[in-house]
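Structure assessment
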Amino acid sequence: MDNNIQADLFGQTIETPNPIIKLKDAELLYHPAFFDKAESDRIFKTLLETIEWKQDKIMMYGKELPLPRLSAWYGDNNKPYTYSGITLNPLPWTDELLQIKEKIEAEAKVKFSSVLLNRYRDGQDYVGWHTDAEKELGKNPIIGSVNFGATRKFQLRRIDDHKEKFEVELKHGTFLVMGGTTQHFWQHQVPKTAHKIGERLNLTFRVIY
Ligand SMILES: O=C(O)CCC(=O)C(=O)O
């Protein structure tokens, strides 16, 4: 399959060969319809019902603030993970999560050991600019990102030049892999949107060392 990805480069529409997104100092693979509609609908519903969603709090400027989204952490035993100043101990894998994990592992040729789930309840939930560069993720973190529900923009910007940006719309059933030196050179975010949209679930599978 050639040239079947359309990605917006802030205004311009560009096409790249499937599944590679060409971005300097990054390794990005994008699978636009990795899960078909029926499978995506079923997984979306099951995850909404079975995951132990909660709203974590982070310390910022000496104040405890709720994160602007719900989240949950699942994975192999005894591998705690710290992000945004919160240390999380994973819950045991559910059958649904294991099935998703096996399917993406076969494609990405990586064994993931944990997953951070984010639930964006509406367009006001978001995640700000950051990298996934915690030391537990190793030198060149590999992140497998799976998406269900409402479409949201996923934006990247270079750490050393914020004007250099890239974005891709992550729709129901998509799978994006970030690897190589991506986390050393690029930050990412899912911004707020004023559009009336429904819920979105994002699962970032990770390898914790
Ligand atoms: O929701 C997304 O697509 C991104 C989530 C994210 O950046 C993260 O979990 O670190």
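None of these values were measured; they are calculated from a predicted model.

1. So, the overall build of the protein chain
Broken down by element type, the protein chain carries three helices and 17 strands. The C-alpha radius of gyration computed for the protein chain amounts to 16 Å, which stays within 12% of the reference 17 Å derived for 209 residues, consistent with globular compactness. Across the 209 residues that make up the protein chain, the buried fraction comes to 50%. Restricting the contact set of the protein chain to residue pairs at least 6 apart, pairs at least 24 apart contribute 72%.

2. Details of the packing of aromatic side chains
Scanning the model with the defined rule gives six aromatic pairs in all. Centroid distance Phe-34 to Phe-35: 5.2 Å. Interplanar angle 80°. Geometry classified as edge-to-face. Phe-35 shares its class with Phe-34; the two are buried. Here the aromatic cluster, defined as three or more aromatic residues joined through ring pairs, consists of Phe-34, Phe-35, Phe-148 and Phe-175. One residue, Lys-101, lies across the ring of Trp-93, its end atom 5.3 Å from the ring centre. Seen from the ring of Phe-34, Lys-103 lies directly overhead, with NZ or CZ sitting 5.2 Å from the centre.

Thresholds, definitions, all that
Residues numbered from 1 in each chain as written. Predicted model: local features only at pLDDT ≥ 70, side-chain atom pairs only at ≥ 80, totals over all residues. Heavy atoms only, no water. Helix = DSSP H or I, 4+ residues; strand = E, 2+ residues; numbered from the N terminus. Rg over C-alpha atoms; globule rule 2.2 N^0.38 Å. Buried < 20%, exposed > 50% of the residue type's maximum accessible area, 1.4 Å probe, protein only. Contact = heavy atoms within 4.5 Å. Phe/Tyr/Trp six-rings, centres within 6.5 Å; stacked < 30°, edge-to-face > 60°. Lys NZ or Arg CZ within 6 Å of the ring centre and 35° of its normal.

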